[in-house]
Amino acid sequence: GYYLVRTSPLDFGSKSNQVVLTASECINDNLLGYWAYPWAKPARKDSASAEKTLRLSKKNIDEIKLWTGKKDAAGVIGWAGVFFDLKTASEYRNSFLSHLSDLYLLAIYFCEDAIEDLLAEFEPESDTYGEIGVYQMLKKRMRERPDENQNFLGFDLIGIEYGGDFHSFHCHDMANELSERFGLILNQFGLFEETADWQPILEHMNDEETGCEPVPWYVVKVKSVGMALPYYRDHVLITEQ
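Residues numbered from 1 in each chain as written. Predicted model: local features only at pLDDT ≥ 70, side-chain atom pairs only at ≥ 80, totals over all residues. Heavy atoms only, no water.

Engineer: Break down the overall build of the protein for me, with residues and values.
Structural biologist: Looking only at helices and strands, the protein has seven helices and 10 strands in total. Projected onto its principal axes, the C-alpha coordinates of the protein cover approximately 50 × 45 × 35 Å. Sequence-distant contacts in the protein: of pairs separated by 6 or more residues, those separated by 24 or more amount to 68%. When the accessible surface of the protein is totalled, it reaches about 12400 Å², and 46% of it is carbon and sulfur. (Helix = DSSP H or I, 4+ residues; strand = E, 2+ residues; numbered from the N terminus. Contact = heavy atoms within 4.5 Å. Areas by Shrake-Rupley, 256 points an atom, 1.4 Å probe, with all protein chains shown as cover.)

Engineer: Explain the environment of Ile77 to me, and be specific about the residues and the numbers.
Structural biologist: One can find Ile77 in strand β3 (residues 77-78). Between the C-alpha atoms of Ile77 and Gln188, which are 111 residues apart in sequence, the distance is 30 Å. Beyond its immediate sequence surroundings of up to four residues, Ile77 is in contact with Leu32, Tyr37, Thr68, Lys71, Asp72, Val82, Phe83, Phe84 and Thr88.

Engineer: Describe the packing of aromatic side chains, naming the residues involved and giving the relevant values.
Structural biologist: Scanning all chains against the criterion turns up 11 aromatic pairs. Measuring from ring centre to ring centre gives 4.8 Å for Tyr37 and Trp79, while their planes differ by 70 degrees; the resulting arrangement is edge-to-face. Here the residue Tyr37 occupies a position in the loop between β2 (29-30) and α1 (44-54), and Trp79 occupies one in the loop between β3 and β4 (82-83), the gap between them amounting to 42 residues. Classification of Tyr37 as buried rests on a relative accessible area of 1%. Judged by relative accessible area, Trp79 falls into the partly exposed class, the value being 26%. Ring pairs connect the aromatic residues Trp67, Phe83, Tyr92 and Phe96, which therefore count as one cluster. (Phe/Tyr/Trp six-rings, centres within 6.5 Å; stacked < 30°, edge-to-face > 60°. Buried < 20%, exposed > 50% of the residue type's maximum accessible area, 1.4 Å probe, protein only.)

Engineer: Would you mind going over the pattern of salt bridges in detail, with residue names and values included?
Structural biologist: Throughout the structure, instances matching the rule amount to eight salt bridges. One salt bridge connects Glu144 with Lys221, and the closest N-O pair in it is separated by 3.3 Å. Placement of the pair is Glu144 in the loop between α5 (133-139) and β6 (150-160) and Lys221 in strand β8 (residues 217-225), with a sequence separation of 77 residues. Through salt bridges with shared partners, a single ionic network connects Glu144, Lys221 and Lys223. (Salt bridge = Lys/Arg side-chain N within 4 Å of Asp/Glu carboxyl O.)

Engineer: Please provide a residue-by-residue account of the nonpolar core, values included.
Structural biologist: Ranked by size, the top nonpolar core spans 32 residues in total, and within it Tyr3, Ile108, Phe110, Leu118 and Ile160 carry the most contacts. When contributions to this core are tallied by element, the ones reaching two or more residues are β1 (2-6), β5 (103-110), α4 (112-121), α5, β6 and β8. Ignoring anything within four residues of it in the chain, the contact list for Tyr3 reads Ala23, Asn30, Ala80, Gly81, Val82, Tyr104, Leu105, Leu106, Ile108, Val134 and Phe166. (Core = buried A, V, L, I, M, F, W, Y, C linked by side-chain atoms within 4.5 Å.)

Engineer: Please give an account of the environment of Arg141 that cites residues and values.
Structural biologist: One can find Arg141 in the loop between α5 and β6. For the pair Arg141 and Asp85, spaced 56 residues apart in sequence, the C-alpha separation works out to 13 Å. Residue contacts for Arg141: discarding those within four places in its chain leaves Ile115, Glu116 and Leu119.

Engineer: How would you sum up the confidence of the model for the protein? Please name residues and give values.
Structural biologist: Looking at the protein as a whole, its pLDDT mean stands at 88, while 90% of the residues score no less than 70. This stretch, residues 228-241, has a pLDDT under 50; its non-local contacts, to residues over four places away or in other chains, come to 33 contacts. (pLDDT = per-residue confidence, 0-100.)

Engineer: For the side chain of Asn28, give the residues involved together with the corresponding values.
Structural biologist: Within the secondary structure, Asn28 is located in the loop between β1 and β2. In this structure Asn28 comes out as buried when scored by relative accessible area, which is 1%. From its side chain, Asn28 meets the backbone nitrogen of Ser8 in a polar contact 3.2 Å long. In this structure the side chain of Asn28 is engaged in a polar contact, spanning 2.9 Å, whose partner is the backbone oxygen of Thr22. Those residues in contact with Asn28, other than ones at most four positions away along the chain, are Val5, Arg6, Thr7, Ser8, Val20, Leu21 and Thr22. (Polar contact = N/O pair within 3.5 Å; in protein donor to acceptor, adjacent residues only side chain to side chain.)

Engineer: Got a sec to walk through the packing of helix α6 (residues 175-182) against helix α7 (residues 199-206)? Specific residues and values, please.
Structural biologist: The geometry of a pair of packed helices is captured by two quantities: the angle between their axes and the separation between those axes. At a minimum axis distance of 11 Å, the contact between α6 and α7 shows a crossing angle of 135 degrees. Classified by the angle their axes make, α6 and α7 are oblique. Of the two possible hands of crossing, α6 and α7 adopt the one that is right-handed. Touching Glu177, Leu178, Arg181 and Phe182 of α6 are Pro200, Ile201, His204 and Met205, all from α7. A breakdown of the residues in the contact of α6 with α7 according to their chemical character gives five nonpolar, one polar and two charged. (Axes fitted to C-alpha atoms, helices over the stretch in contact; angles between N-to-C directions. Parallel < 35°, antiparallel > 145°, perpendicular 65-115°, else oblique. Left-handed = near helix turned anticlockwise from the far one by under 90°. Nonpolar A, V, L, I, M, F, W, Y, C, P; charged D, E, K, R; others polar.)

Shown next, in the form of structure tokens:
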């Protein structure tokens, strides 16, 4: 799936001040937040916060909610804040957020071995709770294809909540620990490089003794889509034009 995010430097832990290109809303702003859904009924202060931080008017917010309601009904977005195709994500950005420059459209990919486990884990138990966006997307079983419009960034370790949002290993300030324990290499985007075997790392993340959020943890490949590839100098995000 695709996530439109606005990055901000970490304000805690050993990697404080570094910008991380993760789709986790714990770290970065998801720009299709719950305030954008007409049925979510957020408090007025949440909509007001979106107005201020995204430089939108109340009319803009109302237009976004109308748009989101239609796209949700059409089945091209999912909860929470995931776009099912590039066309819809681009339409949203161009229609409502073209005045912002510090945005990134991130694509995340799960390895095939994890799909059945994830679908079983997050299958709704009743009609009371709907399918989360990641579940809906993986049901489509759309394979990753080479795309010159996408730039590989690295691998994230994410813990998915049953409400659809997810954490990153950065939420627990685990970058140094995982690097030392498993020999992982953290790159300039705050993500890990490829490693030969992710299984012992995932077992560690899912071990309750580790102290991570008690939710299922997965490894995902992260790419940036249709935007200049960022790089870093002294923890400052630079974008090549």
